[in-house]
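Inside the fold
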Amino acid sequence: MPLHLPHLINTTLAFILLCAGLAHAQPHPLQDRIWDTRSQVFVNADTLHERAAKSAYVLLGELHDSAIHHRLQLEVLRMLDSHGLKPALAMEQLDVEHQPAITAAQTAGERDAEKLADAGRLDRRSWNWPLYRDLVAFASERGWPLIAANLSRNEARDIALGKLTPALPPADPAQMSALEDALVRGHCGYHLPPEQMERLLAAQRARDARMAAALEEAGRGNATVVFITGSGHVHREHAVPRYMKNDSNVLVIAFVEVDAGRNSPQDYALAGYDFAWFTAATLRDDPCKGPMGAAIPGSR
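Scope of this entry: the structure provided in the associated data block. Everything numeric in this text was worked out from a predicted model, so none of it was measured. (Residues numbered from 1 in each chain as written. Predicted model: local features only at pLDDT ≥ 70, side-chain atom pairs only at ≥ 80, totals over all residues. Heavy atoms only, no water.)

**Regarding the pattern of salt bridges**
Definition in use: Salt bridges are defined by distance alone: a side-chain nitrogen of Lys or Arg within 4 Å of a carboxyl oxygen of Asp or Glu. Secondary structure elements are defined from DSSP: runs of H or I of at least 4 residues count as helices, runs of E of at least 2 residues count as strands, and each element is numbered from the N terminus. Remark: exposure states derive from per-residue accessible area (1.4 Å probe, protein chains only) relative to the maximum for the residue type, with buried under 20%, exposed over 50%, and partly exposed in between.
As enumerated under the stated definition, the model contains 17 salt bridges in all. Across the salt bridge formed by arginine 207 and glutamate 92, the nearest N and O atoms sit 2.9 Å from each other. Within this pair, whereas arginine 207 is found in helix H10 (residues 194-219), its partner glutamate 92 is found in strand E4 (residues 88-95), the two being separated by 115 residues in sequence. Each of the two residues, arginine 207 as well as glutamate 92, counts as buried. Between aspartate 259 and arginine 262 there is a salt bridge, with the nearest N and O atoms lying 3.5 Å from each other. The structure contains a network of salt bridges with shared partners spanning Glu114, Asp118, Arg124 and Arg133.

**Structural notes on the state of the cysteines**
Using the following cut-off: Any cysteine sulfur atom paired with another within 2.5 Å is treated as part of a disulfide.
Scanning the entire structure with this criterion turns up 1 disulfide. The residue that forms a disulfide with cysteine 188 is cysteine 288, at a sulfur-sulfur distance of 2.0 Å. Of note, the bridge from cysteine 188 to cysteine 288 carries an S-S torsion of about -85° and is left-handed in sense. Here cysteine 288 lies in the segment after strand E8 (275-279) and cysteine 188 lies in the loop between helix H9 (173-186) and H10, a separation of 100 residues in the sequence. You can call cysteine 188 partly exposed: its relative accessible area is 27%.

Okay, structure coming up:
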């Protein structure tokens, strides 16, 4: 029996909409792929995990609000555990001034993630604690040392306000230019007055230097140190690795959100990382909608 015209039109329209939906559902061509920035080839997760298992320092650069990035960080921790390793877990989310309390709690046998977060005075609201809980729980349940890596918030504030001048090694123009560019992007393109920009750059450099020192200090008592931090802090050319005395056994992994229309690794700025692990993008409001904007996730 021949189809009536309205039925044919409806059937054809339904088919077109179905095809459009399937096309829209196709993942980004880079999503879930891992790019070796030095060899310029894609590698699988096993290859990346083998490199991590042989490294003294494994730096995992995230966007702070990405649940995907935290899930992949946990995957790396599970892999290290499966290799029989017992690394220290260092975190940007914990300030160094609270390390004695964290160490005392762990020495007393405390393994509850919530209580360790209390000991470290972790700012649950600012850091969106639920995204980090599983990382701390996994490490603490296995007795891994928990390391507070970040500069004291009060000290960072005093540097930014010009009340304190940190002792820092000289920085070359390329390093300062990269840091300033990141700071401008983190403030939605707003160029701060030169004096204020100088102080904020000093605070950022002081944070990177302090986190590098915390990693190396942890490395003296542990064969492996894993560092959880924003992707801006793992850049080899101008961030934490730059301040490490010996970065030859440092592995830098950045989790990078894909962007529509940028379908090749060469479309992304990846030079400061050893590996880029591409992920789906997190849906979020535009942080620059407000009058003054806000910091880009992962840049602080």
